[in-house]
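Here is what each chain is made of, one letter per residue.
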Amino acid sequence: MQLRARLPHYAYLMRLNKPIGILLLLWPTLWALWLATNGRPDTKILFVFVAGVLLMRSAGCVVNDIADRHFDGHVKRTHRRPLVVGTVSVKEALILTGLLSATAFMLICLCNPLTIWLALIGAAWVVIYPLMKRFTHLPQVGLGIAFSWGVPMAFAAVTDTIGISAWFVFLTAIVWPVIYDTMYAMVDREDDAHIGLKSTAILFGLMDRIIIGLLQVLFLLMLVIVGIMFRVDAIYYVCVALSGMLFIFQQWLIKDRDRDKCFAAFINNNWVGLIIFIGIYLQ
């Protein structure tokens, strides 16, 4: 009975009430699985990766909150998180992290050795990433690597190798989180600067919209190159163009750097990921 009463707090700690993070992590993984298999992913591999995304995103949120528990109370958006208000203890959070990570590892053991080794590197990166905002203004790049690591893993699981085209998809996928997480960081910019945390939003300053725009253009161009590499059909390029229209809408949202609208622009990136996946799926 006591455990049942604790479950809502654990779910909140894992951000299960905010599935946007799961979706943003899932889309590049699905892009890679469909590209690697020419649209015919194995059911077992698909299950392993979708479940792995859910588990590792949840574990990543817990690790992030453990690392930031002394900072989150000073940030408007995070001051009510479980570790801040004390509804979950650090010991409970560590046990939860272990359970989530162990379950994910058991799943990945169904894949080949190369995929397992990549999973271990990815797990290490989940621990490293939350610390980056203390030492560098580029934690968004760290998030990009963490959220895109499923790409080489997917190619490895399907082909038992990672070719140049797979690594290029990985690099392409890294650019996207830098875009949307900078928008996300714009929400917390004043609070982060006050408590001494770093982000690309702080680094870019008043150039934030211009640099985000340049990154959006770069991302679209890299998507076009991905299409050429994998010889996709015209529908894919239509979806890339639609993603570009969404980017224009996001630029409109962030034009006044309003917190709520910057957050809305961040959320809007879910549709970018979905549309690109549709383009790959339909080709």
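Throughout what follows, the structure given in this document is the object of discussion. Because the structure is a prediction, the values reported are computed rather than measured. (Residues numbered from 1 in each chain as written. Predicted model: local features only at pLDDT ≥ 70, side-chain atom pairs only at ≥ 80, totals over all residues. Heavy atoms only, no water.)

Let us look at helix 2 (residues 20-36). Along its 17 residues, helix 2 runs 25 Å from first to last C-alpha, staying within 8% of the 24 Å computed at 1.5 Å per residue. Burial analysis of helix 2 places 16 of its 17 residues in the buried class, which makes it a mostly covered element. In the stretch just after helix 2, asparagine 38 is the one whose phi turns positive, near 55 degrees. (Helix = DSSP H or I, 4+ residues; strand = E, 2+ residues; numbered from the N terminus. Expected span 1.5 Å × (residues − 1). Buried < 20%, exposed > 50% of the residue type's maximum accessible area, 1.4 Å probe, protein only.)

All chains considered together, the criterion is met by 18 aromatic pairs. Through a chain of ring-to-ring contacts, the aromatic side chains of Trp31, Trp176, Tyr180, Tyr184, Phe219, Phe247, Phe263 and Phe266 assemble into a single cluster. (Phe/Tyr/Trp six-rings, centres within 6.5 Å; stacked < 30°, edge-to-face > 60°.)

One pass over the full model with this rule turns up 1 cavity of 30 Å³ or more. Looking at the largest cavity, its volume works out to about 30 Å³. Lining the largest cavity are Trp31, Leu35, Val169, Leu223, Val226, Tyr236, Ile276 and Ile280. Looking at the lining of the largest cavity, the elements with two or more residues in it are helix 2, helix 12 (208-229) and helix 14 (259-282). For the lining of the largest cavity, the class distribution of residues is 8 nonpolar, no polar and no charged. (1 Å grid on protein atoms, 1.4 Å probe; cavity = no way out; pocket = protein on both sides within 12 Å on 5 of 7 lines; lining within 4 Å. Points joined across faces, edges and corners; volume = space filled by probe spheres on them. Nonpolar A, V, L, I, M, F, W, Y, C, P; charged D, E, K, R; others polar.)

Below, the discussion takes up the side chain of glutamine 251. Looking at where glutamine 251 falls in the secondary structure, it is placed in helix 13 (residues 234-253). The exposure class assigned to glutamine 251 is buried, which follows from its relative accessible area of 16%. The contact partners of glutamine 251, leaving out residues within four places of it in the chain, are Arg209, Ile212, Gly213 and Gln216. (Contact = heavy atoms within 4.5 Å.)

As a further point, take helix 9 (residues 150-159). With 8 of 10 residues buried, helix 9 lies mostly within the body of the structure. Where helix 9 is concerned, the buried positions are Gly150, Val151, Pro152, Met153, Ala154, Phe155, Ala156 and Ala157. Buried positions along helix 9 lie against helix 2, helix 3 (43-67), helix 5 (90-108), helix 6 (113-128), helix 8 (139-148) and helix 10 (164-195). Downstream of helix 9 by one or two residues, aspartate 160 has phi in the positive range, about 60 degrees.

Attention now moves to the pattern of salt bridges. One pass over the structure, following the stated rule, counts 7 salt bridges. A salt bridge links arginine 15 to aspartate 65, with the shortest nitrogen-to-oxygen separation between them at 2.8 Å. Residue arginine 15 is located in the loop between helix 1 (2-13) and helix 2, and its partner aspartate 65 is located in helix 3; the two are separated by 50 residues in the primary sequence. Neither arginine 15 nor aspartate 65 differs from the other in exposure class; each is buried. Between lysine 255 and aspartate 256 there is a salt bridge, with the nearest N and O atoms lying 3.0 Å from each other. On the accessibility criterion, lysine 255 (32% relative accessible area) is partly exposed. Relative accessible area serves as the criterion here: at 53%, aspartate 256 is assigned to the exposed category. (Salt bridge = Lys/Arg side-chain N within 4 Å of Asp/Glu carboxyl O.)

The next point concerns unusual backbone geometry. Within the chain, asparagine 38 stands out as a residue other than glycine whose phi angle is a positive 55 degrees. If you trace the backbone, asparagine 38 turns up in the loop between helix 2 and helix 3. On the accessibility criterion, asparagine 38 (54% relative accessible area) is exposed. In this structure, aspartate 160 takes a positive phi of about 60 degrees despite not being glycine. Mapped onto the secondary structure, aspartate 160 falls in the loop between helix 9 and helix 10.

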